[in-house]
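# Coordinate analysis (summary)
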Amino acid sequence: MFPFRLLFVAFAASLPAATHALEVKVSPALPLHQALNQVREARKGGDGSAATILLPEVATELPQPVILEAQDSNLTITGTKTTLIGAPRITGWQPHEGQIVKADVSKLLPKGFLPRQLLCDGERQILARYPNFDAKDPLYGGWAFVDEFAPGGAPEGHLWKRTLYVKAQDLRKWAHPEDVEIDIFAQYGWWNFLEPVASLDPQTRLLTLKKDCSYDLHPHNRYHFQNALEELDAPGEWFYDKRTGTLYFWPEKPIAECEVRLPMLDSFFKVKAGAKNITFRGLTLTGCNGTAITFDGAEDCLVEHCVLTRVGGFHGSGISANTGRNVRISRNEISHVGSNGVGMSGGDRKSLTGPGHVAEDNHIHHIGVFNKNACGISMYGVDNTARHNHIHDGPRMGVQMSGNNLVVEYNHLHHLCLETQDGGAIYTGGRDWISSRGSKWQYNLIHDVIGCGQESGGLKHPWFTFGLYPDDNSGGIDIIGNIVFRVAHTPIHMHNSRDCLVENNVFALGGKFQFDLHGWSKEMPFYTNHIGSMIKGYESVAGQPAWKSMRNMELHPKDAIRDDGTMMSGNKVQRNIMFGDQPGVKYGDLRHCSPKYNVIDSNLAWNNGHPITTGINKVGLDKGAPVLNEAFDAAEAGKTPKGWGFNHRPKGVELVVTDGALRCDCVVTKDPANPKSVFHGPDLPIIQGAAYRVKVRIRSTEPAAKLSLALAAYKGGEGYWQGASTSITATPEWQEFEATGRMPREGEAAWKPWMKAFWLRIDCHQPQGQVFIDDVRIVEAEPLNEWSSWQQEGWDQHSIVADPLFIDWQKDDFRLRPESPAFKLGFKAIPVEKIGIRK
């Protein structure tokens with residue numbers, strides 16, 4: 001509980017500026033804002049000395065932001081055990097119903113102000129919601145899920161961004177549905193959206209929003225409703241009735257024993273352009289709706305040894321530094337923030353000049369309380385640095401950045417992406433071609449990056465997420481000396497990243513692979529949708545003197561597609577340690593990536609004594625008769641042959657025999673349950689560890705139809721497995737294609753006891769037309785060593801398979817013993833002792 005009383009400050013006598021500093025101490029004489037005015041008056045009177053405002057060891061309620069301008073330069077605001085709170089105390093509680101109490105706050109609130117937070121004894125309370133918050137499972141419990149469509153898929157004309165269907169058990173009745181909000185992880189569950197509800201039809205169960213959501217609303221998306229008095233039905237919940245100005249609250253103990261406060265302050269401190277040498281030191285800030293401390297164009301400022309907790313609403317962060325120069329955010333604890341912990345931006349990309357802001361030695365945790373797209377530190381622009389920070393317990397990224405010459409180094413990042421999927425501890429993108437060139441990710445310790453997916457069976461975690469994530473064509477990053485382990489999917493996911501140097505890292509204990517390079521091709525929407533932005537971005541800086549030293553900037557994006565059809569190029573992945581401990585977890589995964597234009601070599605691979613698997617399953621001679629040998633000449637025309645069927649069937653699609661071949665209609669839809677035409681062959685018995693060669697003749701009505709072939713297994717209610725896919729392009733002429741694959745075996749990560757049968761899966765990525773298949777032949781073949789197959793493809797020619805000799809990886813100690821074979825490859829010891837907050 002905060003023992004509040006309003007504090008006042010007095011202007012202390014000051015000595016001449018030439019020899020003494022100006023000091024303001026707290027006393028009952030003057031409030032803080034008036035004391036600041038007296039400092040300003042002293043400055044006008046000729047006292048240009050540095051000024052200090054000292055705050056006492058008590059808590060102060062701050063009624064409005066302190067705005068500091070050029071005239072306030074050379075000012076320090078400091079205290080010892082000093083707390084500033086932006087939330088007045090609520091009194092005058094009266095009984096309402098049961099344990100619920102109410103108070104009239106209409107005279108307290110400014111006109112048009114809608115409360116978004118409530119504090120009780122310093123802790124945030126829950127805005128009345130359905131389903132109720134689950135304290136025993138705060139991240140993954142307490143959710144409802146969007147209902148599936150009726151058989152047949154989405155209704156004609158369905159408004160994907162505006163409407164959804166609630167399940168029967170989740171129908172609600174509200175007196176004012178127009179006040180209700182839905183907090184939903186839309187579409188892929190990348191992050192959440194807070195959208196106003198228009199109506200909920202009790203007959204059709206159709207929920208309609210007042211405006212479009214930014215992403216489509218899919219079946220199985222998780223959500224909760226909030227901001228309705230009818231949903232105030234649990235201890236800790238509250239609601240504000242804007243019609244009567246009444247605040248309702250169900251306290252967890254008698255209201256007389258509670259200190260209830262309503263955050264009303266926007267920010268505590270706003271430092272404007274022209275202000276210089278402003279320091280905040282030793283303050284505790286709590287209870288605001290915007291960003292607690294903002295710097296906009298300020299120079300040479302410092303925030304240090306402060307505690308910022310329970311600050312910020314959906315768009316409110318801890319500290320932000322925009323443009324200006326040399327703002328340093330150092331040795332603070334920032335926690336339970338509505339959005340980001342720290343944000344830094346500014347700089348000119350053509351000249352590569354930037355503000356030089358630094359966030360260092362901060363402890364940032366439990367961020368993104370409301371906004372699940374929040375990160376510990378965000379950096380945009382040029383020449384900003386995040387170093388020696390400890391960042392953990394966040395819904396999405398630890399550090400998110402876009403720009404150039406940005407540095408992320410010596411940070412300890414863990415327990416991130418707890419509530420979202422397809423993210424990373426450190427993330428950047430590069431759809432403009434020039435991001436994030438010149439940047440460095442070095443000597444970071446990253447672990448326990450979890451991920452949360454939304455599937456028909458409910459939430460899945462750990463799920464599809466990464467440690468280091470250079471996404472969407474980002475390029476020119478030095479990724480050196482990082483230790484990344486225990487990641488849901490892959491310690492480093494390079495999504496068409498270009499010109500990156502990935503060297504001297506430890507990538508360990510990935511759930512699927514230890515690293516991957518997933519490139520684009522000319523036909524992919526990634527390329528076709530963004531090539532215009534890439535050309536524009538490149539041409540905006542091409543020829544600029546500052547850019548001449550950037551790696552491989554001589555390549556224009558219009559020439560990015562190489563002669564082999566791949567786009568990903570210029571990457572060097574070398575002298576790294578790739579370590580796993582589960583049979584069948586792949587060493588690496590490569591898609592649309594060529595050894596002609598990328599280097600993966602001189603690495604150390606080790607799977608704790610288990611075989612190195614790569615997913616490249618070259619096979620030798622055939623073994624015996626085919627397990628499937630099917631032509632369709634004798635099959636009944638217009639019918640689906642026995643054993644064949646759909647994995648995903650969009651509306652109106654057929655899989656039938658036509659003219660002695662099997663025909664499938666190609667359609668691409670927005671229906672998440674049936675996004676494209678996917679069909680499969682008959683069940684075939686699984687032989688553990690067996691390798692197979694598939695040969696099939698295919699033609700298309702389209703000039704270049706993209707398809708993929710894979711071996712897969714499925715059992716309803718149990719799970720799904722799929723081997724590596726082979727991408728092909730069908731034309732109107734019959735062609736024979738070959739694919740190979742291997743079945744998992746017991747003891748490998750991919751093996752599951754339910755796996756009794758497999759089939760050939762064919763994905764049609766083509767949005768229109770038809771494909772025809774014939775003469776399907778699947779035969780068991782001699783399996784070849786996957787590591788040898790990988791090397792035959794041109795990768796890791798000088799790499800070794802050997803135990804790296806970590807000191808104790810089972811206790812998370814990935815330092816190397818002096819006799820480690822990694823040193824013979826040129827690997828250098830990572831300075832683990834320098835990582836994290838410095839003493």
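Residues numbered from 1 in each chain as written. Predicted model: local features only at pLDDT ≥ 70, side-chain atom pairs only at ≥ 80, totals over all residues. Heavy atoms only, no water.

## Points about the overall build of the protein chain
The condition is simple: Helix and strand assignments follow DSSP, with helices taken as H or I runs no shorter than four residues and strands as E runs no shorter than two, numbered in order from the N terminus. Radius of gyration here is computed from C-alpha atoms only, and the compact-globule reference equals 2.2 Å multiplied by the residue count raised to the power 0.38. Burial classes: relative accessible area under 20% of the type maximum marks a residue as buried, over 50% as exposed, and values in between as partly exposed (1.4 Å probe, protein chains only). Should any heavy atoms of two residues lie within 4.5 Å, those residues are considered in contact.
Along its length, the protein chain carries three helices and 72 strands. Here the C-alpha atoms of the protein chain give a radius of gyration of 30 Å, agreeing with the 28 Å that 2.2 N^0.38 yields for 839 residues. Counting only C-alpha atoms and orienting by the principal axes, one finds that the protein chain spans roughly 100 × 70 × 50 Å. Taking all 839 residues of the protein chain together, 57% fall into the buried category. Residue pairs at least 24 apart in sequence account for 72% of intrachain contacts in the protein chain once pairs closer than 6 positions are excluded.

## Points about the pairing of strand 39 (residues 424-428)
Every regular strand shows the same layout, with side chains that alternate between the two sheet faces. Cut-off, in case you're wondering: Pairs of strands are assigned from DSSP output, requiring at least two bridges between the strands.
A large share of strand 39 lies buried, amounting to five of its five residues. Pairing between strand 36 (residues 399-404) and strand 39: three bridges, direction parallel. Bridging across to strand 39, Val399 finds its partner in Ile426. With four bridges connecting them, strand 39 and strand 44 (residues 466-470) associate as parallel partners. Residue Ile426 lies in a different strand from strand 44, and its bridge partner there is Leu468.

## Brief notes about empty space enclosed by the protein
A water-sized probe, rolled over the atoms, reveals where empty space remains. Filter applied, for reference: Lining residues are those with an atom within 4 Å of a point, where the points come from a 1 Å grid over the protein atoms alone and group into cavities, where a 1.4 Å probe fits but cannot get out, or pockets, open sets with protein on both sides within 12 Å along at least five of seven lines. Grid points are joined across faces, edges and corners, and a volume is the space filled by probe spheres set on the points. Lys, Arg, Asp and Glu make up the charged group, whereas Ala, Val, Leu, Ile, Met, Phe, Trp, Tyr, Cys and Pro make up the nonpolar group; the residues left over, Gly among them, are polar.
If you walk through the whole model with that rule in mind, you get three cavities of 30 Å³ or more. The computed volume of the largest cavity comes to approximately 60 Å³. If you trace the largest cavity, you find it lined by Gln514, Met578, Phe579, Gly580, Val585, Lys586, Tyr587, Trp606, Asn607, Pro611, Ile612 and Thr613. Per-class residue counts for the lining of the largest cavity are seven nonpolar, four polar and one charged.

## Some thoughts on the sheet that holds strand 9 (residues 119-120)
Here we have three strands laid out as an open sheet, ordered 10-9-21, and antiparallel in their pairing. What marks the edges here is a single partner per strand, and that holds for strand 10 (123-124) and strand 21 (260-261). Bridging between strand 9 and strand 10 involves two bridges; their strand directions are antiparallel. Across the sheet, residue Leu119 finds its bridge partner in strand 10, namely Arg124.

## Examining the nonpolar core
Here is the rule we go by: Here, the term nonpolar core denotes a set of buried Ala, Val, Leu, Ile, Met, Phe, Trp, Tyr and Cys residues that are joined through side-chain atoms within 4.5 Å.
Membership of the largest hydrophobic core comes to 86 residues, with the highest contact counts inside it found for Phe268, Phe269, Phe280, Phe295 and Ile377. Those residues in contact with Phe268, other than ones at most four positions away along the chain, are Leu62, Pro65, Val66, Leu84, Ile85, Gly86, Leu285, Thr286, Gly287, Cys288, Ala292 and Val311. Counting 39 residues, the second largest nonpolar core, distinct from the first, contains Leu628, Val694, Ala705 and Phe758.

## Regarding helix 1 (residues 32-44)
Cut-off, in case you're wondering: To estimate the expected span of a helix, count its residues, drop one, and scale the result by 1.5 Å. Directions are taken from the helix axis to each C-beta atom, and the arc is the one they span.
Taking 1.5 Å as the rise per residue, helix 1 with 13 residues should run 18 Å; its terminal C-alpha atoms sit 19 Å apart, in good agreement. Every buried residue of helix 1 is listed here: Leu32, His33, Ala35, Leu36, Val39, Arg40, Ala42 and Arg43. One side of helix 1 holds all its buried residues, which, seen down the axis, span an arc of 170°. Positive phi appears at Gly46, one or two residues downstream of helix 1, with a value of about 105°.

## Here we look at the sheet that holds strand 20 (residues 246-249)
Spatially, the five strands line up as an open sheet ordered 7-8-20-19-11, and their pairing is mixed. Where the open sheet ends on each side, the last strands, each with one partner, are strand 7 (94-97) and strand 11 (126-127). Across two bridges, strand 11 lies against strand 19 (residues 237-241) in parallel orientation. Looking across to strand 19, one finds that Leu127 is bridged to Trp238.

## A closer look at the environment of Gly274
The residue Gly274 is located in the loop between strand 22 (269-271) and strand 23 (278-286) in this model. What Gly274 contacts, discounting residues up to four positions off in sequence, is Ala70, Ser73 and Gly297.

## Some remarks on the confidence of the model for the protein chain
Using the following cut-off: As a per-residue measure, pLDDT reflects the predictor's confidence and takes values from 0 up to 100.
Confidence in the prediction for the protein chain averages 95 pLDDT; 97% of positions are at 70 or higher. Scored below 50 in pLDDT, residues 1-19 makes 60 contacts in the model with residues more than four places away or belonging to other chains.

## Observations regarding unusual backbone geometry
Here the amide bond leading from Tyr130 into Pro131 is cis, since omega sits at -10°, within 30 degrees of zero. Among the structural elements, Pro131 can be located in the loop between strand 12 (129-130) and strand 13 (144-145). Following His461, the chain continues into Pro462 via a peptide bond in cis, with omega recorded as 0°. Tracing the chain through its elements places Pro462 in the loop between strand 43 (458-460) and strand 44. The phi torsion at His366 lies on the positive side, around 50°, for a residue other than glycine. Relative to the elements of secondary structure, His366 occurs in the loop between strand 32 (363-365) and strand 33 (377-382). Taking relative accessible area as the criterion, His366 reaches 32% and is therefore assigned partly exposed.

## Here's the deal with the layout of surface pockets
A volume near 1400 Å³ is recorded for the second largest pocket. Lining the second largest pocket are 47 residues; nearest its centre among them are Arg124, Ile126, Phe133, Val369 and Phe370. Those elements that provide at least two residues to the lining of the second largest pocket are strand 10, strand 11, strand 18 (222-226) and strand 19.

## A few points about the side chain of Gln574
Applied cut-off: The term polar contact refers here to a pair of N or O atoms within 3.5 Å; inside protein, the definition further demands a hydrogen-donor-capable atom paired with an acceptor-capable atom, and it admits residues adjacent in sequence only when both atoms are side-chain atoms.
Along the polypeptide, Gln574 turns up in strand 51 (residues 572-574). Under the relative-accessibility criterion, Gln574 is labelled buried at 15%. Side chain to side chain, Gln574 and Glu503 meet in a polar contact 3.0 Å long.

## Section: the packing of aromatic side chains
The criterion, for reference: Under the pairing criterion, centres of Phe, Tyr and Trp rings, with the six-membered ring standing for Trp, must be within 6.5 Å; the plane angle then separates stacked pairs below 30 degrees from edge-to-face pairs above 60, leaving the rest tilted. To sit over a ring, a charge needs its Lys NZ or Arg CZ within 6 Å of the ring centre and within 35 degrees of the ring normal.
Scanning the entire structure with this criterion turns up 33 aromatic pairs. With 5.1 Å between their ring centres and 85° between their planes, Tyr587 and Trp787 make a pair best called edge-to-face. Within this pair, whereas Tyr587 is found in the loop between strand 52 (577-579) and strand 53 (589-591), its partner Trp787 is found in helix 3 (residues 786-792), the two being separated by 200 residues in sequence. As far as burial versus exposure is concerned, Tyr587 and Trp787 are alike and both buried. With 6.4 Å between their ring centres and 45° between their planes, Trp790 and Trp795 make a pair best called tilted. Residue classification places Trp790 among the buried residues on the basis of a relative accessible area of 0%. On the basis of relative accessibility, which here comes to 3%, the residue Trp795 falls in the buried class. By the ring-pair criterion, three or more aromatic residues cluster together here, those being Tyr188, Trp190, Trp191, Phe193 and Tyr215. Sitting above the plane of the Trp143 ring, Arg222 keeps its charged end 5.2 Å from the centroid. One residue, Arg222, lies across the ring of Phe185, its end atom 3.6 Å from the ring centre.

## Concerning the environment of Asn221
For Asn221, the position within the fold is in the loop between strand 17 (206-209) and strand 18. Taking relative accessible area as the criterion, Asn221 reaches 1% and is therefore assigned buried. On a C-alpha basis, the gap between Asn221 and Asp147 in space is 8.5 Å, while along the polypeptide they are 74 residues apart. In this structure, Asn221 is in contact with Ala144, Phe145, Val146, Ile184, Phe185, Ala186, Gln187, Asp216 and Gln454, ignoring residues within four places of it in sequence.

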